Each structure stands twice: as structure tokens, then as C-alpha cells.
Amino acid sequence: MNALVPLVLAISGLPALLIGAWMSRGPDARSRGMAVHWVLVGLAIQAGAVGVYWAGDDNGRVHAIVIALVVLVNALIVSMLLQLRRNRNNP
């Protein structure tokens, strides 16, 4: 497989890492929790890019990695939303 797809995937994960770094500057626990979630999303995307590069031309591996990446990122987003809902009244 060409290295272009993993490179595009890795670049698309950088904004999540930058958002996590930006949110970590907040003084309250809610912003630190959100920062951890954003960084985990960014790291999951980076790990997915490495996995896609490792899989190469094996379509079965690529599909398994992409499905795992989609499930993991969506689970982290749901966890982030649940944390926001739980901490809605606690600034």
C-alpha cells in the first residue's frame, strides 16, 4: 500500500492532539478531562495510521484496523459526552 493513506490519516489526527493541548490549559477538572479524551482520540488515530501502514497491501488487516479505529474513536467520543453530561452542573 502506498504511504499516502497512512500519512493523510496521521495528519488528520493532529487537530485532536492540538485541541487536547489547548484544552489542558483550563484550570478546572472538566477541561482536563476533556483534554485527556481529545489526546486519546488523537493518539488512537495516530496508532491507526501506523497500523494501516503496517498492514500494507493486506486488505483484511486494513479493514480490521479501520473498523477497530472507528469503534475506538466513537467509544471515546461517547465517553467524552457522558463525562460532559455528568459534570454539567459542576463547573
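Residues numbered from 1 in each chain as written. Predicted model: local features only at pLDDT ≥ 70, side-chain atom pairs only at ≥ 80, totals over all residues. Heavy atoms only, no water.

## Quick notes on the overall build of the chain
A tally of helices and strands in the chain yields three helices and zero strands. Listing the helices and strands of the chain from first to last along the sequence gives α-α-α. Expressed along its principal axes, the backbone C-alpha trace of the chain runs to roughly 50 × 20 × 10 Å. Intrachain contacts of the chain at a sequence separation of at least 6 include 68% that bridge at least 24 residues. (Helix = DSSP H or I, 4+ residues; strand = E, 2+ residues; numbered from the N terminus. Contact = heavy atoms within 4.5 Å.)

## Focus: helix α3 (residues 59-86)
With 28 residues, α3 extends 40 Å between its outermost C-alpha atoms, agreeing within 8% with the 40 Å of an ideal straight helix rising 1.5 Å per residue. Here α3 has its buried residues at Val62, Ile65, Leu69, Val73, Leu76, Met80 and Gln83. Next to the buried residues of α3 lie α1 (4-23) and α2 (29-55). (Expected span 1.5 Å × (residues − 1). Buried < 20%, exposed > 50% of the residue type's maximum accessible area, 1.4 Å probe, protein only.)

## Points about α2
Taking 1.5 Å per residue, 27 residues should reach 39 Å; α2 reaches 39 Å between its end C-alpha atoms and fits that length. The first or second residue beyond α2 is glycine 56, which carries a positive phi of 65°.

## Details of the packing of α1 against α2
Following both chains from N to C, one finds α1 and α2 inclined at 170°, their axes separated by 8 Å at the closest point. Accordingly, the angle class assigned to the pair α1 and α2 is roughly antiparallel. Of the two possible hands of crossing, α1 and α2 adopt the one that is left-handed. For the contact of α1 with α2, the residue count by class is 19 nonpolar, seven polar and no charged. (Axes fitted to C-alpha atoms, helices over the stretch in contact; angles between N-to-C directions. Parallel < 35°, antiparallel > 145°, perpendicular 65-115°, else oblique. Left-handed = near helix turned anticlockwise from the far one by under 90°. Nonpolar A, V, L, I, M, F, W, Y, C, P; charged D, E, K, R; others polar.)

## Here's the deal with the nonpolar core
The biggest cluster of nonpolar side chains holds seven residues, and these are Ala16, Val41, Ala44, Ile45, Leu69, Val73 and Leu76. In contact with alanine 16, not counting residues within four places along its chain, are Trp38, Val39, Val41 and Gly42. (Core = buried A, V, L, I, M, F, W, Y, C linked by side-chain atoms within 4.5 Å.)

## With respect to the pattern of salt bridges
Working definition: two side chains of opposite charge can pair if their charged atoms are close together. For the structure on display, the rule yields one salt bridge. Across the pair arginine 61 and aspartate 58 runs a salt bridge, and its minimum N-O distance is 3.4 Å. (Salt bridge = Lys/Arg side-chain N within 4 Å of Asp/Glu carboxyl O.)

## A closer look at the side chain of serine 31
In this fold, serine 31 is placed in helix α2. Serine 31 gets classed as buried once you look at its relative accessible area, which sits at 11%. Looking at serine 31, its side chain comes within polar contact range of the main-chain oxygen of glycine 26, at 3.4 Å. Here serine 31 is in contact with Met23 and Gly26, once residues within four sequence places are set aside. (Polar contact = N/O pair within 3.5 Å; in protein donor to acceptor, adjacent residues only side chain to side chain.)

Just geometry here; none of it tells us what the structure is for.
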